[in-house]
Amino acid sequence: MKHVIIGTAGHVDHGKSMLIKSLTGIETDRLREEKERGISIELGFASLTLPSGRRAGIVDVPGHERFIKNMLAGVGGIDLVLLVIAADEGVMPQTKEHFDILQLLQVKAGIVVLTKIDLVDADWLDLVKEEVQDFLAGTTFENAPIIPVSSVTKEGLPELINTIDDLVENVQERPTVGQIRLPIDRVFSVTGFGTVVTGTMISGKLSVGDEIVIMPPAITTRVRGLQVHGKKVESARAGQRVAVNLAGVEVEQIERGNVVSSMGALTPSYRLDTKLHLLKSAERPIRNRTRTRLHIGTDEIMGRVVLLDREELQPGEQAYVQFQLEDKVVAGKGDRFVIRSYSPVHTIGGGTVIDPNPPRHKRFRQEVIAALITKEKGSPEELVEQFLSAQQVPLNTTEISSGLKMPEAETEQAIDILDQNNRVKIIKAEGNKLVLLANRYRYWCQQITDALTDYHKQYSIREGFPKEELRSRMFSGQSTKVFQSVLQTMQQDGIIELNPQTVALPNFTGQPTGKDARYVAKIEELLKSKGFQPPVWKEVVKQLELKQGDAQEYLAYLMRVERVHKITDDMYWHAETVNAAKNKIIGFLRENKTISVGETRDLLQTSRKYALPILEYFDQQRITRRVEDNRVLSVKAKL
């Protein structure tokens, strides 16, 4: 069933609360001061069952100019408004201010209710109707129904209820998918239950037991209980007035303006990028860094208006503006807001949030304005592409969706379109799909190709550039896992060749040529020439008159291709010599079961200096196994 919120608006003492009582039987003036003074100070709440069976929540807002900020806290989540105008007074100052607020918040569905018709005659009522029609001309309420009623005689109430039911039919239902967002408009404590907050859910679905967070104080809590229209429920959804009983939270920790949200859904910020419209009725222009009162959701925050492309915003004009706020705010892209002057306090403008978590901008920068235009008016594909342009690492769909405050399904569709048009590069990483701008991927490919070309020239006989060294030098912002996924994608595209620990250009062999090949051959010959008593490495370097750096490169190559084996830190044997020793020792052990260091020395016709290290090497290779002072064949060698 569709869930809608109906709100009231209008001048003080024009009969809003009395009208709600007549419609619902509920008295929304709950404070003693409200009852004594006969005006609403705080928000009031009621519910109405319509002829169709639909249940609507009703928010009754105060009309007195001193309590406009309370009115703003209630009007943000409404779907349909009852603009209440007393027939004996007509359009009054707060009627105009409330109506400006409705227009700024883009509340488009409404009914004009002319109250107190029992106090005027028919001619006067006709004059008031004409005045109202003139007042609404040229606005979104120009064709709104105007229904005269009397809360005393009940005249007109049935027609009003039927008209509400008809309009509710066309109200677009709020999305229940996506992140939970419930701006808090009341906080109180109930004996035996603890802290309760109320508000109008603007998106998502909330259930008993859900873990949630109160932002911006970032208080993690759990839903102990839920009520909708005064009745306990297991879950609540967008479009409903909800009371939430919170676990483990004190009343003093929360205040009006905070937001109940899903974990990780909202990020607090001291800045908002917006499109601001200054009302024609504003008394003066807004100059850069003017201090104002920003009303968004149920929150009021002081802040300064930073005009990004001008020094002054004239009444009736609009511009891109960054608000620099004195307290943190949580908002989403597309949220509507209202601003009021600091002193004296009047509603002067409002607009739309374009970026809820922007960096600080420099003024009069064309690229900043261009980016805001794209964010404001761009297609989902343009928004995704722009968002990715500011990222230095590949992101998954959820991260992009969260960063843009865009539904995940819409984000996924935009990514698919960009992929089809070769605007993004998809990188598969452990079952996850990462997304990178195509031109950034091409740039990375060129960077790595250039780096490998230089590396291969400098180290021509190395297998390739060590992966971790390449990441730390050029891509330190990426995790090892993500970098490995990027490299695998480049290998699939034929850009590079991956080895277990290194990266190389395709078809690069790392084989020595010319002088290098000659020295490698000399090293091999020298190591083989002495049989089982090869010279230590220092002696090899000395005899061949090798530079230390070159000697290490040749040795690393020979070990990589397994033509030389490291026996100890300074003893290296040629692979043929190692194999010959292995065959002799295995043969001896198969006949004699055990072999000692002395027997190894005699078998290989060498000295203890070489016999013990080669036995220990074979122990490490699991060819032999030490038993006391002797060796036996390992299980591996027996197989």
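Shown above is the structure to which this text applies.
Attention in this report is confined to the structure presented alongside it. (Residues numbered from 1 in each chain as written. Predicted model: local features only at pLDDT ≥ 70, side-chain atom pairs only at ≥ 80, totals over all residues. Heavy atoms only, no water.)

### A short note on the pattern of salt bridges
Line of reasoning, step 1. For the coordinates displayed, the defined rule picks out 28 salt bridges.
Line of reasoning, step 2. The partner of arginine 365 in a salt bridge is glutamate 367, and the shortest N-O contact between them spans 3.6 Å.
Line of reasoning, step 3. Given a relative accessible area of 35%, arginine 365 falls into the partly exposed group.
Line of reasoning, step 4. As a salt-bridge pair, glutamate 576 and lysine 528 come within 3.8 Å of each other at their nearest N and O atoms. Pair noted here: glutamate 576 is in helix H17 (residues 575-592) and lysine 528 is in helix H14 (residues 514-529), with a separation of 48 residues, a long-range link.
Line of reasoning, step 5. Given the relative accessible area of 30%, lysine 528 is considered partly exposed. (Salt bridge = Lys/Arg side-chain N within 4 Å of Asp/Glu carboxyl O. Buried < 20%, exposed > 50% of the residue type's maximum accessible area, 1.4 Å probe, protein only. Helix = DSSP H or I, 4+ residues; strand = E, 2+ residues; numbered from the N terminus.)

### Quick notes on helix H12 (residues 467-474)
Line of reasoning, step 1. Of the residues making up H12, those classed as buried are Lys467, Leu470 and Arg471. Looking straight down H12, one finds its buried side chains confined to an arc of 100°; they lie on one side.
Line of reasoning, step 2. Looking at the buried residues of H12, the elements they touch are helix H11 (438-458), strand E27 (465-466), helix H13 (480-492), strand E28 (497-498) and strand E29 (502-504). (Arc of directions from axis to C-beta. Contact = heavy atoms within 4.5 Å.)

### A word on the pairing of strand E16 (residues 269-278)
Line of reasoning, step 1. Among the ten residues of E16, seven are classified as buried, and the element is accordingly described as predominantly covered.
Line of reasoning, step 2. Relative to strand E21 (residues 318-329), E16 is paired through eight bridges, and the arrangement is antiparallel. Bridging from a neighbouring strand, threonine 274 pairs with valine 321 of E21.
Line of reasoning, step 3. The pairing of E16 with strand E23 (residues 347-355) spans six bridges and is antiparallel. Within E23, the position partnered with histidine 277 by the bridge is glycine 350. (Pairing = 2+ DSSP bridges.)

### What about the sheet that holds E27?
The pairing of strands in a sheet comes from backbone hydrogen bonds and takes either a parallel or an antiparallel form.
Line of reasoning, step 1. Spatial strand order, E27-E29-E28: three strands in an open sheet with antiparallel pairing. Looking along the sheet, the strands with just one partner apiece sit at the ends: E27 and E28.
Line of reasoning, step 2. Two strands pair when backbone bridges link them, and E28 and E29 are joined in this way by two bridges, in the antiparallel orientation. Directly across from leucine 498, in E29, lies its bridge partner valine 503.

### Points about the packing of helix H8 (residues 380-389) against helix H10 (residues 408-420)
Geometry of a packed helix pair, given as the angle between the helix axes and the separation of the axes.
Line of reasoning, step 1. Between H8 and H10, the shortest axis-to-axis distance is 9 Å and the interhelical angle comes to 80°. When the axis of H8 is compared with that of H10, the two are roughly perpendicular. Touching Pro380, Glu381, Val384 and Glu385 of H8 are Glu410, Thr411, Ala414, Ile415, Ile417 and Leu418, all from H10.
Line of reasoning, step 2. Classifying every residue of the contact of H8 with H10 by side-chain character gives six nonpolar, one polar and three charged. (Axes fitted to C-alpha atoms, helices over the stretch in contact; angles between N-to-C directions. Parallel < 35°, antiparallel > 145°, perpendicular 65-115°, else oblique. Nonpolar A, V, L, I, M, F, W, Y, C, P; charged D, E, K, R; others polar.)

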